[in-house]
Each structure stands twice: as C-alpha cells, then as structure tokens.
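An overview of the molecular structure
Chain by chain, the residues run as shown.
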Amino acid sequence: MSEHDVVIRGGRIIDPEKGLDAVGDVAITGGRIDAVIPGGSADLHAREEWDAAGQVVAPGFIDLHSHCADPASRRLQVCDGVTTALELEAGMLDMSGAYARMVERGSPNNFGYSASWALARMSVCGIDVSTGLPAFLANIGAPAWHRELSDRERGRMLEMLRYEIDDGALGIGVLLGYCRETPGVEYLEVAGLAAETGAPTYTHVRDLGRPDGGLLGAIEVVAAALDSGAHMHLCHINSTSVRAVDRVHALIDDASGEGMRVTTEAYPYGSGATGIGAQFLDPTELAASGRSPSDIVYLRTNERIQTAERLVELRAQDPGGLAIVEFLSEESPEDLGYLTRALLHGDTAVASDAMPLSPGDPTHDVGWPVPSGTATHPRTAGTFSRILRWYVRELGILDLAEAVRRCTLVPARILEGVSSDMRRKGRVQVGADADLVVFDPQTVTDRATYSSPVEPSTGFSYVAVNGTPVVKEGVLQVTALPGLPVRGGR
C-alpha cells in the first residue's frame, strides 16, 4: 500500500474543467495530485493529513497580471490564494536573467514573464532598462521614448522581442496606453510577430484622452487580431473600458464569433494604480477624458491632489511615484453596475494588477507582517478573496464554482497555447500540479482597504504550491519558497 505525502480529507472538491463538485479526498505526492476520490477513501494513507471538512478544496488561483517581485507583496498574494503570479502586461527583458534572479531569491508562488514591448522600445531609444519595472516607472514620461521609431529602431525592437520569446517568454506585454505616439503600424507588427511565434499579446490599450477612449483602444486590439490572427488579450477591461464596457464586450463577442482569439480580465475595484507621470494623467488629458486631479491619490504622502498645478509638480518631481486613480465610484450603484458587468461577462479571468510594495528595489523585503503604513493598492492583497466575499457570498451574483473557474481554469486556458506548464494548473485532477487552496466559503474575506492596503486576506486554511504548504492551518509559512518558473515554449 503506497503512502502519499499529504491527504486532504473531507473537503468540497471543485474541479472546474471536469465539473466535479463533491465532498471527497485529494492525495498529493511529489508535488503532483495523484488521487482524487469523491466520497473519500479510508485506503488513502499519508505522512500528513489536512482536515478540510466544511471547506472547499480548489485549484490555486492564477493571477495573469501581477507586478509583484518583492517578497512581501508575493506573500500577501499567497495569503489571497494566489499560487501562480505572472508579470504579463508590463513584462520583462532578459528572460534567462529574470527567471534566474527569481529562482535565486526564491518565491512562495510560481512566477513567469512576458517579453516587454515597453522596455524593448525604451532600450532602442537609449534608456537603461536593466532594472525592469522600476526602470519603466522612472522613465514613464521620458521624451526619449515618446516618439516614432525609425525603421532600424523598430526592427531592432522586434528582434529583441523575438529573442525573448525564443528564450521562454509567455508572450508579449504591450503597455500601449503609456506611449500614445506609437504608430498603428508598429502595433500591427508586434501582433504579427506574436502570430508568427504562436505567442499571445497582453495589451494595456491606448488612451486617447477622451471619454470613449477605452472603446477606441479596444477596437485597435481587435483590428490587430483581425490583421494578424494573433491571440490578443485585453488587460484590466474594467479600468480601460470604464463606462464603455458593454460596447467593448459586444466588440469582443463579434470578434470571437468571427473566429478571432480575444480574451480579457478584470479586477473588483473602481480604482487603479500606476506611476503618476503616466501620459494619461497629464492634467489636460484628465480633463479631456472627464476626470480631475482630485481623482488621484499620491501614495508616497497619501495626498489627494487638489489642483492641476500640484499634479504637474508631482509629475515632474517623481514621475514613477505610485498613485491611485479612481475611474469608477464604488459608492455609486450605476458605476458598480459597470464594474460588475466587466467581471461577469463571458470568460473574463480574475486578475489583480497587483502592485509592488517597494518598486525601487524588487529584492527589498519589508518583513512580515508587512508594516502598517506601507503603501500599495488593496488589490495586491485582496483581489481574489474580494471576489469570494463580495460577489459570491454577499451579492450572490456569482456561483462559487463559477468564481473558482474564473480564478483558475480560465487564466490557465489563456496561457495553455504558449506554455505546457499551464496545462497542469487550474485543475484538481490526477497528474495536475499540487497548487491547491483550502478555504472556508463562509469566512474567506479580503481585509485590505485603501486606508490599510497591506492587511492579508483570511479564511484560507491551506495554500499549497507544488505540494508544499505556504499557508498551513491559516498561518503563512514565511520561509516556504516552493514557487517554480512558468515558461513559454514554441
């Protein structure tokens, strides 16, 4: 009689791919699931047993949109049930180096990167991008890359992206909304490269400084899908489509009906976060799109900006400084309708757009628990639990099994074509990776707020990454670093 490493006893097992929703036992050996038995079995024996009675056993949550590289922010995500956190919108350059550095530091959850169009574009314009996301934020408004590239520069940029795809990138991250000067032909060439290499693109759509800019930006993405045949993914449809989200959904449905692969994601908050020097936060751009400086909170001082003059001053002093930007009011029933529809349409994946706690130094560890007063957006710590608490338990507009599917299988399938690793995630099946969460559906909750954004979620008894518990009996295992690379392959 074989002995397993772990048996999870008596939980409500939800496997979104096979439609399994039954009480039973799950066994883990060597980082993989090797038994799933509805009804349970006394014949399962293990060196360790986890009691899941009255709780849900589900695949670990897969976050397609996480900017977290520092240890503390990744721990916050683990406490929110995230077993795989991927940097796909912004991406990275130097795939081998990026993966090697994270392996050396260690991560509590799995990690992976797209190839960064923005960093490649900055690089050919002479900007040092060796630090990745911090370099992007520091140069977010630098004139050097806010221009049309020469044919030679564009060719060099495309070759850089091709090299990164060949080196294991999970597609191409395109921060198009941060460089409005980009010619349309350049975006089409990036999409063409994605189609040629079988890689998805993950686009922050172009912001055109007008109230319907999100719709026009989405049209450009769909046009690129039509032109190239590439898989085009729209990042955070809630924050870019805003009140045009229903029209954007109709556009995506039409594209899908014509055989194009256009996917999307959303997070359950009415505000975003970015560098205050972003082009679309220029006071003139804000006014044209129907917003004002008072919609922005500068996180370094927790200051709600009152005047255009103060905004101009901060943008000049600290262009990469993180700011929270309100795009929908969470107190407005009408705006909450837009936010809810953004999340509930079709196969929209839940994705956090989680922000780092220390963008200047991804290796810096502020310790655990994260000190109060540490600044970030609450979505870093609470996105997935907020879905379970708000949309499932309190509002009752999302079935629990469907919520699990949007947090697990939907994102896994978005990536399956580019990474065989993802075919073993998002499922509770024999042979799948033992990335699992065990949570109480009656108590699981987000605790992070705009005033206290680093409060970890609660209600998870266990979070396992590759079979190793990183949350055990409700307690974060601070030294557990079982995360493995998720790489692409042509």
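Residues numbered from 1 in each chain as written. Predicted model: local features only at pLDDT ≥ 70, side-chain atom pairs only at ≥ 80, totals over all residues. Heavy atoms only, no water.

1. A look at unusual backbone geometry
For the record, the criterion: Where helices and strands are cited, they refer to DSSP runs of H or I of at least four residues and of E of at least two residues respectively, numbered from the N terminus.
Cis geometry is found at the peptide bond from Trp368 to Pro369, where omega equals -5°. Mapped onto the elements of the fold, Pro369 is located in the loop between strand 17 (349-350) and helix 13 (379-394). Even without a glycine there, the phi angle at Asp353 is positive, about 55°. Mapped onto the elements, Asp353 comes out in the loop between strand 17 and helix 13. The phi dihedral of Asn466 falls on the positive side, at around 50°, and the residue is not glycine. With respect to the helices, strands and loops of the structure, Asn466 is situated in the loop between strand 19 (460-465) and strand 20 (468-472).

2. Side note on the pairing of strand 12 (residues 262-266)
For a regular strand, side-chain orientation follows a simple rule: the groups alternate between the two sheet faces. The test is simple: The classification of residues rests on relative accessible area computed with a 1.4 Å probe and restricted to protein chains. Under 20% of the type maximum is buried, over 50% is exposed, and intermediate values are partly exposed. By the convention used here, strands pair only if DSSP detects at least 2 bridges between them.
Across the five residues that make up strand 12, a large majority, five, are buried. The alternating pattern of strand 12 places Val262, Thr264 and Ala266 and Thr263 and Glu265 on opposite faces, both of which are buried. Where strand 12 and strand 17 come together, two bridges link them in parallel fashion. Within strand 17, the residue paired with Ala266 across the bridge is Val350.

3. Some words on the side chain of His236
The following threshold applies: Identification of polar contacts relies on pairs of N or O atoms within 3.5 Å, with a donor-acceptor requirement for protein atoms, meaning one able to donate a hydrogen and the other able to accept it, and with residues adjacent in sequence counted only if both atoms are side-chain atoms.
Considering the arrangement of structural elements, one finds His236 in the loop between strand 11 (232-234) and helix 8 (237-241). For His236, a relative accessible area of 2% gives the class buried. A polar side-chain atom of His236 sits 3.2 Å from a polar atom in the side chain of His204.

4. Some thoughts on the sheet that holds strand 16 (residues 322-326)
Here we have four strands laid out as an open sheet, ordered 13-16-14-15, and antiparallel in their pairing. Every other strand in the sheet has two partners, leaving strand 13 (271-275) and strand 15 (303-304) as the edge strands with one partner each. Taken together, the five bridges between strand 13 and strand 16 define a ladder with antiparallel strand orientation. For Ser271, the partnering residue across the bridge sits in strand 16 and is Glu326.

5. So, the packing of helix 3 (residues 117-124) against helix 5 (residues 151-166)
How two helices pack is summed up by the angle between their axes together with the distance between the axes. Threshold: Under this scheme, a helix contributes an axis fitted over its contacting stretch, all axes are lines through C-alpha atoms, and angles between N-to-C directions fall in the 0 to 180 degree range. Roughly parallel refers to an angle under 35 degrees, roughly antiparallel to one over 145, roughly perpendicular to one between 65 and 115, and oblique to any angle outside these ranges. Note on convention: the crossing is left-handed when the near helix lies turned anticlockwise from the far helix by less than a right angle, right-handed when the turn is clockwise. When checking whether two residues touch, look at their non-hydrogen atoms; a contact exists if any pair is within 4.5 Å.
Where helix 3 contacts helix 5, the axes come no closer than 9 Å and their chain directions differ by 135°. As the angle between them shows, helix 3 and helix 5 are arranged oblique. Once helix 3 is placed against helix 5, the crossing between them reads as right-handed. Counting all contacts with helix 3, which are made through Trp117, Ala120, Arg121, Ser123 and Val124, the residues of helix 5 involved are Glu153, Arg156, Met157, Met160 and Leu161.

6. Let's talk about the nonpolar core
Defined as follows: In this description, a nonpolar core means a group of buried Ala, Val, Leu, Ile, Met, Phe, Trp, Tyr and Cys residues linked to one another through side-chain atoms lying within 4.5 Å.
With 135 residues, the main nonpolar core has Phe61, Trp117, Phe136, Trp145, Ile172, Ile296 and Phe439 as its most contacted residues. Beyond its immediate chain neighbours, meaning those up to four positions away, Phe439 contacts Gln55, Val56, Ala58, Phe61, Leu388, Leu400, Val444, Gly459, Phe460 and Ser461. By size, the runner-up hydrophobic cluster in this structure holds 17 residues, among which are Ile8, Ile33, Trp50 and Val57.

7. Description of the pattern of salt bridges
For the record, the criterion: Here a salt bridge means any side-chain nitrogen of Lys or Arg lying within 4 Å of a carboxyl oxygen belonging to Asp or Glu.
The tally for this structure, following the rule as stated, stands at 39 salt bridges. Here Asp347 makes a salt bridge to Arg405, at a shortest N to O gap of 2.8 Å. Remark: Arg405 occurs in helix 14 (residues 400-407) and Asp347 occurs in the loop between helix 12 (333-344) and strand 17; sequence separation between them is 58 residues. Note that Arg424 is salt-bridged to Asp433, the shortest N-O span being 3.0 Å. On the basis of relative accessible area, Arg424 is assigned to the partly exposed category, the value being 25%. What makes Asp433 buried here is its relative accessible area of 5%. Three or more residues joined by partner-sharing salt bridges are found here, namely Arg32, Asp421, Arg424, Lys425, Asp433 and Asp435.

8. Section: the state of the cysteines
Defined as follows: Two cysteine sulfur atoms make up a disulfide if the distance between them is within 2.5 Å.
Summed over the entire model, instances satisfying the criterion amount to zero disulfides. Just so you know, Cys125 is unpaired, no disulfide at all, and the nearest cysteine sulfur is the one on Cys179, 7.8 Å from it. Overall, Cys125 belongs to the buried group, its relative accessible area being 14%.

9. Some remarks on helix 14
Most of helix 14 is tucked away, with six of its eight residues classed as buried. Among the residues of helix 14, those classed as buried are Leu400, Ala403, Val404, Arg405, Arg406 and Cys407. The N-terminus of helix 14 is capped by Asp399, whose side-chain oxygen sits 3.0 Å from the backbone nitrogen of Ala401.

10. Remarks on the pairing of strand 2 (residues 20-29)
Two strands pair when backbone bridges link them, and strand 1 (residues 4-15) and strand 2 are joined in this way by eight bridges, in the antiparallel orientation. Among the inter-strand pairings, Ile13 is bridged to a residue of strand 2, identified as Ala22. Where strand 1 hands over to strand 2, the hairpin turn is made up of four residues, of which Gly19 adopts a positive phi near 75°. Turn length for the strand 2-strand 3 (residues 32-38) hairpin, with the two strands adjacent in sequence and antiparallel, is two residues, and the turn residue Gly30 shows positive phi of about 60°.

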